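What follows is each chain in one-letter form.
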Number of protein chains: 2
Amino acid sequence: MRVAVVKNILDANSKIAAENRKLFDNNNLLVINLMSSPGAGKTTLLEKLGEALRDQLRIGVVEGDIQSTLDAERIVSAGLEAVQIETDGACHLDANMIQNALNDLNLAELDLLVIENVGNLVCPAEFNVGEDHKVMMLSVTEGDDKPYKYPLMFKESSVLLISKTDLLPYLRCDIDKIKEAALSINPRLTIFEISSYTGQGLADWHNWLQDRIRKK
Amino acid sequence: MRVAVVKNILDANSKIAAENRKLFDNNNLLVINLMSSPGAGKTTLLEKLGEALRDQLRIGVVEGDIQSTLDAERIVSAGLEAVQIETDGACHLDANMIQNALNDLNLAELDLLVIENVGNLVCPAEFNVGEDHKVMMLSVTEGDDKPYKYPLMFKESSVLLISKTDLLPYLRCDIDKIKEAALSINPRLTIFEISSYTGQGLADWHNWLQDRIRKK
């Protein structure tokens with residue numbers, strides 16, 4: 001009974017996700033669904049993206065938060081356009097929430113839309129929202145055993161950004177173990193090691209995005 | 001419609017949680033529901049608890065993981081009794097999962113049972129499992145804005161363990177801001193600053209547990 005209910009919810013979600021995707025494609029708009037645990041550095045990553053590319057690209061952000069508009073305020077301060085979704089308790093964004101938020105964006109004027117999901121390494125990976133790519137972040141502070149413990153997000157993502165590498169000297173975390181485990185779950189993952197603090201790896205990640213924008 | 005379904009699930013959960021609680025009380029057993037984001041240090045905390053108190057207390061652990069038995073193996077290596085729940089995708093433990101796991105424990109022989117929940121700062125806080133106290137961890141690496149963004153877990157918990165304080169010199173994180181925000185959401189929170197690496201704060205946290213065990 002409960003399984004049937006969950007299946008209905010996911011079916012309804014897929015239908016709306018397909019509608020969103022069509023709208024994105026019609027506007028030649030690359031859409032990224034950005035996911036991670038709380039505090040892996042999603043918002044800081046977007047601030048750095050804004051600093052690097054806001055003069056070349058028109059970038060919009062949909063900010064998903066359970067409560068507060070703190071992140072959307074940071075995104076606007078970084079010179080990007082932001083729409084806030086407060087989920088009021090819900091642990092992930094779904095396609096319907098995104099569809100509603102799109103009313104507040106002029107998609108034809110954008111080159112890139114990033115959907116910053118709720119900080120949660122589990123539930124967001126279950127819900128397509130119509131994105132071209134799921135991109136996940138894992139901070140080295142979370143430890144090198146995480147791919148085995150939370151496999152779905154690694155399985156669903158096109159890109160893994162291993163963040164906060166500047167902290168590696170102070171941690172017992174083997175970054176090669178993270179990469180090996182992640183690739184064993186999803187051999188097609190593109191992996192970048194990044195630090196928003198030192199700037200390591202950000203240019204490669206931005207190049208990856210720009211390549212996909214050109215091809216869209 | 002969907003709200004009604006969720007309400008039914010929570011009602012059913014509360015009923016089983018009350019049965020669990022009665023069983024715990026009948027055995028004078030203190031039960032802690034330990035929650036945090038992935039990688040905040042729950043399992044390491046339990047390893048340290050085992051090292052410090054396994055000669056004085058009989059401690060059992062229920063290990064909740066979406067997949068893998070990595071954590072349960074670490075707990076057994078630390079000399080504690082562990083029962084594994086693999087949730088097979090589910091993002092939290094509920095009262096029914098705990099009730100089933102209790103068959104594998106001799107409650108009358110335990111002084112303390114710790115339920116290590118799935119790493120998730122959102123969903124586990126919605127489900128009582130019959131525990132005496134919810135205890136949450138927040139790593140300083142997650143940033144000082146988290147209480148405002150994920151308020152429910154702070155609201156539901158008796159104790160906040162702010163972990164990985166040894167990393168503070170390398171972070172832009174104001175620990176006083178965390179405490180102020182957390183107490184503004186839940187003024188009755190007991191807060192300990194801890195580092196499982198240096199040992200800071202662990203004795204105070206262990207004393208808190210031992211006081212509650214004596215009173216139970």
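A brief structural summary. Here the structure is a predicted model, which means the values were calculated and not measured.

Overview of the side chain of H92 of chain B
As for its position among the elements, H92 of chain B is in the loop between β3 (81-86) and α4 (95-102). With residues near it in sequence (within four places) discarded, H92 of chain B still touches T87, M97, N117, V118, C123, P124 and F127 of chain B.

Details of the packing of aromatic side chains
Residue and element names in this part refer to chain A. Overall, the coordinates contain 3 aromatic pairs over all chains when judged by the stated rule. Seen in terms of ring centroids, W205 and W208 are 6.1 Å apart; in terms of plane orientation they differ by 20°. Their pairing is stacked. Residue W205 and its partner W208 are located together in helix α8 (residues 202-215), separated by 3 residues, close to a single helical turn. The exposure classification of W205 matches that of W208, with both residues buried.

A few points about the interface of chain A and chain B
Taken together, the contacts link 36 residues of chain A with 36 residues of chain B. With both sides pooled, the region where chain A packs onto chain B buries about 3000 Å², and carbon together with sulfur makes up 61% of that total. Linking chain A with chain B are 4 salt bridges, by the criterion used here. Residue D71 of chain B pairs with K149 of chain A through a salt bridge whose shortest N-O separation is 2.6 Å. In this structure, the connection of chain A to chain B is made through 7 residue pairs in polar contact (both at pLDDT 80 or more). Elements represented by at least two residues in the side of chain A that touches chain B include exactly α1 (2-26), α3 (70-77) and α5 (146-149) of chain A. For the side of chain A that touches chain B, a count of residues per class yields 17 nonpolar, 8 polar and 11 charged.

The rules we used
- Residues numbered from 1 in each chain as written.
- Chains lettered and ligands numbered in written order.
- Predicted model: local features only at pLDDT ≥ 70, side-chain atom pairs only at ≥ 80, totals over all residues.
- Heavy atoms only, no water.
- Helix = DSSP H or I, 4+ residues; strand = E, 2+ residues; numbered from the N terminus.
- Contact = heavy atoms within 4.5 Å.
- Phe/Tyr/Trp six-rings, centres within 6.5 Å; stacked < 30°, edge-to-face > 60°.
- Buried < 20%, exposed > 50% of the residue type's maximum accessible area, 1.4 Å probe, protein only.
- Buried area = accessible area lost by both parts, 1.4 Å probe.
- Salt bridge = Lys/Arg side-chain N within 4 Å of Asp/Glu carboxyl O.
- Polar contact = N/O pair within 3.5 Å; in protein donor to acceptor, adjacent residues only side chain to side chain.
- Nonpolar A, V, L, I, M, F, W, Y, C, P; charged D, E, K, R; others polar.

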